[in-house]
Amino acid sequence: QVQFEESGGGLVQPGGSLRLSCAASGFTLAYYNIAWFRQAPGKEREGVSCISSSDDITYYSESVKGRFTISRDNAKNTVYLQMNSLKLEDTAVYYCATVDHYSDYWFLNPAAWGQGTLVTVSS
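Just so it is clear, the model here is predicted, and its values are computed rather than measured.

Taken in spatial order, the four strands line up as β1-β3-β8-β7 in an open sheet, and their pairing is antiparallel. Where the open sheet ends on each side, the last strands, each with one partner, are β1 (3-7) and β7 (68-73). Neighbour-to-neighbour, the strand axes of the sheet open up by a mean angle of 20 degrees, direction not taken into account. Pairing of β7 with strand β8 (residues 78-83) involves six bridges; the strand directions are antiparallel. If you follow Arg72 over to β8, its bridge partner there is Val79.

Our next topic: the nonpolar core. Within the largest apolar cluster, 25 residues are counted, with the highest numbers of intra-cluster contacts made by Phe4, Trp36, Phe68, Val79, Leu81, Met83 and Tyr94. Sorting the residues of this core by element identifies β3 (18-25), β4 (33-39), β5 (46-51), β7, β8, β9 (92-102) and β11 (117-121) as the ones contributing at least two each. Not counting the four nearest positions on each side in its chain, Phe68 is found in contact with Arg38, Val48, Tyr60, Leu81, Gln82, Met83, Asn84, Leu86, Asp90 and Tyr94. By size, the runner-up hydrophobic cluster in this structure holds seven residues, among which are Ala35, Phe37, Ala97 and Trp106.

Let's shift gears to the pairing of β11. Only one face of β11 is buried: it carries Thr117, Val119 and Val121, and the other face, with Leu118 and Thr120, is open. As paired elements, strand β2 (residues 10-12) and β11 share three bridges and run parallel to each other. Counted as the bridge partner of Val12 is Val121 from β11. Pairing of β9 with β11 involves three bridges; the strand directions are antiparallel.

What follows deals with the packing of aromatic side chains. Counted according to the given criterion, the structure contains five aromatic pairs. Aromatic pair Tyr59 and Trp106: ring centres 5.6 Å apart, planes at 15 degrees, arrangement stacked. In this pair, Tyr59 is assigned in strand β6 (residues 58-60) and Trp106 in strand β10 (residues 105-111), connecting sequence segments 47 residues apart. Here Tyr59 falls in the partly exposed class, since its relative accessible area comes to 31%. Pairing Tyr59 with Phe107 gives two aromatic rings, centres 5.8 Å apart and planes at 70 degrees, and the pair type is edge-to-face. Of this pair, Tyr59 sits in strand β6 while Phe107 sits in strand β10, and the two are 48 residues apart along the sequence. Within the aromatic cluster, the residues linked to one another by ring pairs are Phe37, Tyr59, Tyr95, Trp106, Phe107 and Trp113. Just above the ring of Phe37 sits the side chain of Arg45; from NZ or CZ to the centre is 5.2 Å.

What counts as what
- Residues numbered from 1 in each chain as written.
- Predicted model: local features only at pLDDT ≥ 70, side-chain atom pairs only at ≥ 80, totals over all residues.
- Heavy atoms only, no water.
- Pairing = 2+ DSSP bridges.
- Helix = DSSP H or I, 4+ residues; strand = E, 2+ residues; numbered from the N terminus.
- Axes fitted to C-alpha atoms, helices over the stretch in contact; angles between N-to-C directions.
- Core = buried A, V, L, I, M, F, W, Y, C linked by side-chain atoms within 4.5 Å.
- Buried < 20%, exposed > 50% of the residue type's maximum accessible area, 1.4 Å probe, protein only.
- Contact = heavy atoms within 4.5 Å.
- Phe/Tyr/Trp six-rings, centres within 6.5 Å; stacked < 30°, edge-to-face > 60°.
- Lys NZ or Arg CZ within 6 Å of the ring centre and 35° of its normal.

Structure, rendered in structure tokens:
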């Protein structure tokens, strides 16, 4: 089973940038659709971005579109989330997971969760 390890979180000021990494172990990343989720304290888990396994089709939630970029490097067995123009509401623990995808539905059946990495946006 695929296992993930997220890294790259930290404290950043509004308008700043971070790049999160999600390293896979156990199986090659290339076979899976990968999604980034986030969960802020007291909030529901939210799907942020997805990238498909074969053709690198991407999806972004409206709240991050234009600011975040998801990418993958199959040779390094890693997926990335470049986060620019960070806002206070981006503060959350960020997780990656495998997901299923059908038509306009993303973030289906998330599995193989990592431990998460904390992103704190504060002035």
